[in-house]
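Fold and geometry: a report
Chain by chain, the residues:
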Amino acid sequence: MIADAARNNAEWCDAMCRAHGISGVFGERAWTSEFRTPPLYPDAVTLSPRAAAQDVLDGIDRAAPGCSVKDSFGRLDLSSDGFEVIIEARWIHRPATLVTPVAPAGVVWRPVRTAGGLGQWAAAWAGEDGDMAGIFRPELLTHRATTVLAGTTEAAEGGRRTIAGAVVSRSASVLGISNLFAVDDDLDRAWAGCLAAVARLWPGMPVVGWEAGESLDAAMGQGCLPGQELRVWLAG
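Now for a quick tour of the structure.

Okay, the overall build of the chain next. Per the secondary structure count, the chain includes five helices and 11 strands. Here the C-alpha radius of gyration of the chain, 17 Å, is about what a compact globule of 236 residues would show, namely 18 Å. Dimensions along the principal axes, computed over C-alpha positions, put the chain at roughly 55 × 35 × 30 Å. In the chain, which comprises 236 residues, the share counted as buried stands at 51%. Sequence-distant contacts, at least 24 apart, represent 67% of the contacts inside the chain between residues at least 6 apart. For the chain, the accessible surface area stands at approximately 10,900 Å², while carbon and sulfur atoms represent 51% of it.

Let us look at the sheet that holds strand S6 (residues 108-111). Here we have 11 strands laid out as an open sheet, ordered S1-S2-S3-S4-S11-S5-S10-S9-S8-S7-S6, and mixed in their pairing. Pairing within the sheet leaves two strands with one partner each, and these edge strands are strand S1 (25-26) and S6. Of the pairings in the sheet, the one linking S1 to strand S2 (residues 30-32) comprises two bridges and is antiparallel in character. Of the residues in S2, the one forming a bridge with Phe26 is Trp31. Packing against the sheet, helix H5 (residues 213-221) makes contact with strand S5 (83-94), strand S10 (207-211) and strand S11 (225-235), and its axis sits at approximately 10° to S5.

The next point concerns the packing of aromatic side chains. Counting across every chain of the model gives four aromatic pairs. Considering the side-chain rings of Trp12 and Tyr41, the 5.9 Å spacing of their centres and the 75° angle between planes classify their relative orientation as edge-to-face. With Trp12 in helix H1 (residues 2-19) and Tyr41 in the loop between S2 and strand S3 (44-46), the pair connects residues that are 29 residues apart, well separated along the chain. There is no split in this pair, since Trp12 and Tyr41 are both buried. On the basis of an interplanar angle of 75° and a centroid distance of 4.9 Å, the ring pair of Trp121 and Phe136 is categorised as edge-to-face. Note that Trp121 is positioned in helix H3 (residues 115-126) and Phe136 in the loop between H3 and strand S7 (146-154), a separation of 15 residues in sequence. By the burial criterion, Trp121 is buried, and Phe136 matches it.

Now for empty space enclosed by the protein. Evaluation of the coordinates by the stated rule reveals two cavities of 30 Å³ or more. As for the largest cavity, its lining consists of Pro104, Val107, Trp109, Ile163, Ala164, Ala182, Asp184, Asp186, Arg189 and Ala190. Elements that contribute at least two residues to the lining of the largest cavity include exactly strand S8 (160-170) and helix H4 (187-201). Here the lining of the largest cavity is composed, by residue class, of seven nonpolar, no polar and three charged. Roughly 60 Å³ of internal volume is contained in the second largest cavity. Considering the residues around the second largest cavity, the lining is formed by Ala5, Asn8, Asn9, Trp12, Trp91, Ser169, Gly176, Ile177, Ser178, Val208 and Gly209. At the level of secondary structure, the elements contributing two or more residues to the lining of the second largest cavity comprise H1, strand S9 (175-182) and S10. If you tally residues by element for the lining of the second largest cavity, the top one is H1, at four residues.

As a further point, take the environment of Pro39. By the secondary structure assignment, Pro39 is in the loop between S2 and S3. For Pro39, a relative accessible area of 44% puts it in the partly exposed group. Each C-alpha atom, one on Pro39 and one on Arg231, is 17 Å from the other, the two residues being 192 residues apart in sequence. Aside from chain neighbours lying at most four places away, what touches Pro39 is Met132 and Ile135.

This part covers a negative patch on the surface. Taken together, the side chains of Asp184, Asp185, Asp188, Glu214 and Asp217 make up a negatively charged region of the molecular surface. Mapped onto the fold, Asp185 is located in the loop between S9 and H4. On the basis of relative accessibility, which here comes to 63%, the residue Asp185 falls in the exposed class.

Once that is clear, we can look at the pattern of salt bridges. Summed over the entire model, instances satisfying the criterion amount to nine salt bridges. Between Arg231 and Glu229 there is a salt bridge, with the nearest N and O atoms lying 3.4 Å from each other. Residue Glu229 is classed as partly exposed on the basis of its relative accessible area, which comes to 29%. Salt bridges sharing partners connect three or more residues here, namely Glu88, Glu229 and Arg231.

Each value, and the rule that gives it
- Residues numbered from 1 in each chain as written.
- Predicted model: local features only at pLDDT ≥ 70, side-chain atom pairs only at ≥ 80, totals over all residues.
- Heavy atoms only, no water.
- Helix = DSSP H or I, 4+ residues; strand = E, 2+ residues; numbered from the N terminus.
- Rg over C-alpha atoms; globule rule 2.2 N^0.38 Å.
- Buried < 20%, exposed > 50% of the residue type's maximum accessible area, 1.4 Å probe, protein only.
- Contact = heavy atoms within 4.5 Å.
- Areas by Shrake-Rupley, 256 points an atom, 1.4 Å probe, with all protein chains shown as cover.
- Pairing = 2+ DSSP bridges.
- Axes fitted to C-alpha atoms, helices over the stretch in contact; angles between N-to-C directions.
- Phe/Tyr/Trp six-rings, centres within 6.5 Å; stacked < 30°, edge-to-face > 60°.
- 1 Å grid on protein atoms, 1.4 Å probe; cavity = no way out; pocket = protein on both sides within 12 Å on 5 of 7 lines; lining within 4 Å.
- Points joined across faces, edges and corners; volume = space filled by probe spheres on them.
- Nonpolar A, V, L, I, M, F, W, Y, C, P; charged D, E, K, R; others polar.
- Patch = residues over 30% accessible without salt bridge, like charges linked within 9 Å, V, L, I, M, F, W, Y side chains within 5 Å.
- Salt bridge = Lys/Arg side-chain N within 4 Å of Asp/Glu carboxyl O.
- Lys, Arg positive; Asp, Glu negative; His and termini not counted.
- Charge placed at Lys NZ, Arg CZ, Asp CG, Glu CD.

In structure tokens:
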């Protein structure tokens, strides 16, 4: 399951890069991008526990600032290559056989279909760091394996307001959840609503992803099982 989750996550990173006009490369042991990836997205993702440092370092641009590597299996040591660990997290897995969480009342979860809707979603996701909203480009809406989910409520001034959301990346055997957020920081409700929507839209598919801190706790509260540790390395 960890290998499936790592591959799924790399496919999502590749989709984000392609929305920015960057093409990554899938190798036997790692996905790599020779050009700097969008903010918050790694330049390489290991796909196998057998991946060595050179499997990731040979295919990326280490000269430009911000170079990062996602070590999916927590086995690399890139400290001698000028990197340091900035994130320690765990993979998660939720079997499709578990009971579907109850969606919170008053919140409607549905796919985002328009550029305007994606802009509203991205603004809610970014919060006070509004400049980051621009990394979610309309080109993502044409990527067949990517679905942006928005949890919305009725707005006082009319229409609907995005209060939570997530990205769903579909691969052959799993659904990857990433970028899950809640405007009010109620991650338990966000996970419940997201998982209920996923079970409705893609029945019978297991869920994977990676989380840390409060979001990991919230995911586990909705039946997600913690797995192996992963690390993200950033060049100093």
